[in-house]
Amino acid sequence: MTNVSERLNEIKQWFMDESLNGQGAVKTGERLCQMLREFGVPITRAHVLVMFLHPLYHGRSIIWSEKEGIREENWRHGLQDQPGWTANVFHALIKGSAPDRMHFDLRDPSAGEDFPMMQELRTEGVTNYVAFRFRFSDGSTHAASFATDAAGGFSEDDQELLFGLERLIAVRLENVIRRELSYTILGAYLGRNAAEHVLAGRIRREDMETISAAVWMSDLRGFTALSDRLPAEALLELLGDYFTVVVEAVRAEGGEVLKFIGDAVLAIFRVQDGGPAEACEAAVRAARAVDAEIKKLNEQREQQGKAQIHQGIGLHMGEVNYGNVGSPDRLDFTVIGPAVNMASRIEALCSGLNQTVLMSELFAQQVRASTVCLGSQNLKGVVASVNVYGLLPLAKNGAPT
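Since we're looking at a predicted model, the values are computed, not measured.

Calculation notes
- Residues numbered from 1 in each chain as written.
- Predicted model: local features only at pLDDT ≥ 70, side-chain atom pairs only at ≥ 80, totals over all residues.
- Heavy atoms only, no water.
- Helix = DSSP H or I, 4+ residues; strand = E, 2+ residues; numbered from the N terminus.
- Rg over C-alpha atoms; globule rule 2.2 N^0.38 Å.
- Buried < 20%, exposed > 50% of the residue type's maximum accessible area, 1.4 Å probe, protein only.
- Contact = heavy atoms within 4.5 Å.
- Areas by Shrake-Rupley, 256 points an atom, 1.4 Å probe, with all protein chains shown as cover.
- Lys, Arg positive; Asp, Glu negative; His and termini not counted.
- Charge placed at Lys NZ, Arg CZ, Asp CG, Glu CD.
- Pairing = 2+ DSSP bridges.
- Axes fitted to C-alpha atoms, helices over the stretch in contact; angles between N-to-C directions.
- Core = buried A, V, L, I, M, F, W, Y, C linked by side-chain atoms within 4.5 Å.
- Phe/Tyr/Trp six-rings, centres within 6.5 Å; stacked < 30°, edge-to-face > 60°.
- Salt bridge = Lys/Arg side-chain N within 4 Å of Asp/Glu carboxyl O.

### As for the overall build of the protein
So, point 1. Looking only at helices and strands, one finds 13 helices and 14 strands in the protein.
So, point 2. The C-alpha radius of gyration computed for the protein amounts to 28 Å, which surpasses the reference 21 Å derived for 401 residues by more than 25%, pointing to a less compact arrangement than a globule.
So, point 3. Its C-alpha atoms give the protein principal-axis dimensions of roughly 85 × 50 × 40 Å.
So, point 4. A burial count over the protein gives 47% of its 401 residues as buried.
So, point 5. Restricting the contact set of the protein to residue pairs at least 6 apart, pairs at least 24 apart contribute 62%.
So, point 6. Just so you have it, the protein exposes about 20,500 Å², and 49% of that area is on carbon and sulfur atoms.
So, point 7. Of the side-chain charges in the protein, 40 are positive and 52 negative, and the distance between the mean point of each set is 4 Å.

### What to know about the pairing of strand 9 (residues 264-270)
So, point 1. Extensive coverage of strand 9 is indicated by the burial of six of its seven residues.
So, point 2. The pairing of strand 7 (residues 208-220) with strand 9 spans seven bridges and is antiparallel. Bridge pairing in strand 9 places Met217 opposite Leu266.
So, point 3. One ladder, built from five bridges, connects strand 8 (residues 256-261) with strand 9; its direction is antiparallel. Bridge assignment links Ile261 to a residue of strand 9, and that residue is Ala264.
So, point 4. The loop that links strand 8 with its antiparallel partner strand 9 comprises two residues; one of these, Gly262, has a positive phi angle of about 65°.

### Some thoughts on the environment of Glu209
So, point 1. One can find Glu209 in strand 7.
So, point 2. Judged by its relative accessible area of 29%, Glu209 is partly exposed.
So, point 3. Glu209 sits 41 residues away from Leu168 along the chain, and the two C-alpha atoms are 42 Å apart.

### Observations regarding the sheet that holds strand 6 (residues 141-148)
So, point 1. Read from one edge of the open sheet, six strands run 3-2-1-6-5-4, paired in antiparallel fashion. The outermost strands of the open sheet, each flanked by one partner alone, are strand 3 (69-75) and strand 4 (101-105). The mean angle between the axes of side-by-side strands here comes to 10°, regardless of whether they run parallel or antiparallel.
So, point 2. Across eight bridges, strand 5 (residues 128-135) lies against strand 6 in antiparallel orientation.

### Examining the side chain of Thr334
So, point 1. With respect to the helices and strands, Thr334 occurs in strand 11 (residues 330-336).
So, point 2. Overall, Thr334 belongs to the buried group, its relative accessible area being 5%.
So, point 3. Setting aside anything within four residues of it in sequence, one finds Thr334 in contact with Leu258, Lys259, Leu266, Asn321, Tyr322, Gly323 and Val325.

### Concerning the nonpolar core
So, point 1. By size, the foremost hydrophobic cluster in this structure holds 43 residues, and its most contacted members are Trp216, Phe269, Met359 and Phe363.
So, point 2. If you look at the next biggest cluster of nonpolar residues, it comprises 39 residues, including Ile43, Ile62, Ile70 and Leu162.

### Quick look at the packing of aromatic side chains
When we look at a pair of aromatic rings, we describe it by the centre distance and by the angle of the planes.
So, point 1. Overall, the coordinates contain nine aromatic pairs when judged by the stated rule.
So, point 2. Seen from their ring centres, Trp14 and Phe15 are 5.1 Å apart, and the 35° between their planes marks the pair as tilted. Taken individually, Trp14 and Phe15 each receive the classification buried, so the pair is uniform in this respect.
So, point 3. The structure contains a cluster of three or more aromatic residues connected by ring pairs, namely Phe104, Phe115 and Tyr129.

### A closer look at the pattern of salt bridges
So, point 1. Under the criterion given, the structure shown has 16 salt bridges.
So, point 2. Note that Glu38 is salt-bridged to Arg31, the shortest N-O span being 3.1 Å.
So, point 3. On the basis of relative accessibility, which here comes to 28%, the residue Arg31 falls in the partly exposed class.
So, point 4. Between Arg133 and Asp100 there is a salt bridge whose closest N-O contact spans 2.1 Å. Of the two residues, Arg133 is situated in strand 5 and Asp100 in the loop between helix 3 (89-95) and strand 4; the sequence distance between them amounts to 33 residues.
So, point 5. Put simply, Glu68, Arg71 and Glu73 are held in one network by salt bridges that share partners.

### Quick word on unusual backbone geometry
So, point 1. For Asn354, which is not glycine, the phi dihedral falls at a positive 55°.
So, point 2. Of note, Asn354 is situated in the loop between helix 12 (350-353) and strand 12 (357-360).

It is worth stressing that arrangement in space is one thing and function is another; only the former is reported here.
Here's what the structure looks like:
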């Protein structure tokens, strides 16, 4: 092999170029493995595990193999819950119970006898396995490994090159992972579209735009009484169940959840190429999906002796101001305007009118779904009374009634 330091410098230069090109972790990992193969290092698989703080995931694996290419896995649950994790080489590296660098010549039957995974690799034809820990600037510890099924294993130069990647991988991955996490974490708090706007530079209080949208406001019924009656843990579980159903239904129809306000959810369905009718139809489909899932969820909760979930949804159509509101150093990305207030006031009528979904006349005119006029209603803070419509159930064949 050409001088190892020259190869490392070549990889270092490529990493620097990639940092400016904005390539993600998967693309970077794939190209690195290709380069190593081009350099004559006979890797047949590679694995990088990065631990991070995230509301949904505990870590991310980037796994490459000669036969299957590259893939990415997010660990939704703690790694300690994964079968065999505590006996894994990565566990020993990340927890600090192993040397910084490890090499196993699996042609030796006794090599890696403390790690059951080595016998599995040996059975699969792996002859050499190297692994090392690397650290980010915050002190967090992560791990990488490379394996080969070449008859001669890794040469000394191969091992020197692979171990020499430690700091390069750390610097490159920290840059990539933190950039990707900044989007996913911000998206978890603001919503995906809002996160894109913020990361694109719309971070000042005056950054607002007027858009047309179907506005969704949903709320739990009897939440005050539930708060007084249920223990905090049970109340949080109920809220989590409810919010999960609403968020998944809204997102599935292209909507954007902007805010949780206590037990309420504010969302929008932007008017795009399909016009107002398409946005309103999407909101209706999401409302039907929420209603169906809540019924299933309540059946399960009843069997478990848990409190039932009852909710209402208010729908309206109109222009809203979309962007930042707040003080100069404490901003919120949301929508404001009369259309938002109208949706909220309409939703407040659900309990009194014994309806799960209510909509304004303007909204009802946009949808094919069968609706029923519930008469002129007085809305809090609105001078003139307005006609409010309920959503009729679907027929057994799934068509509007």
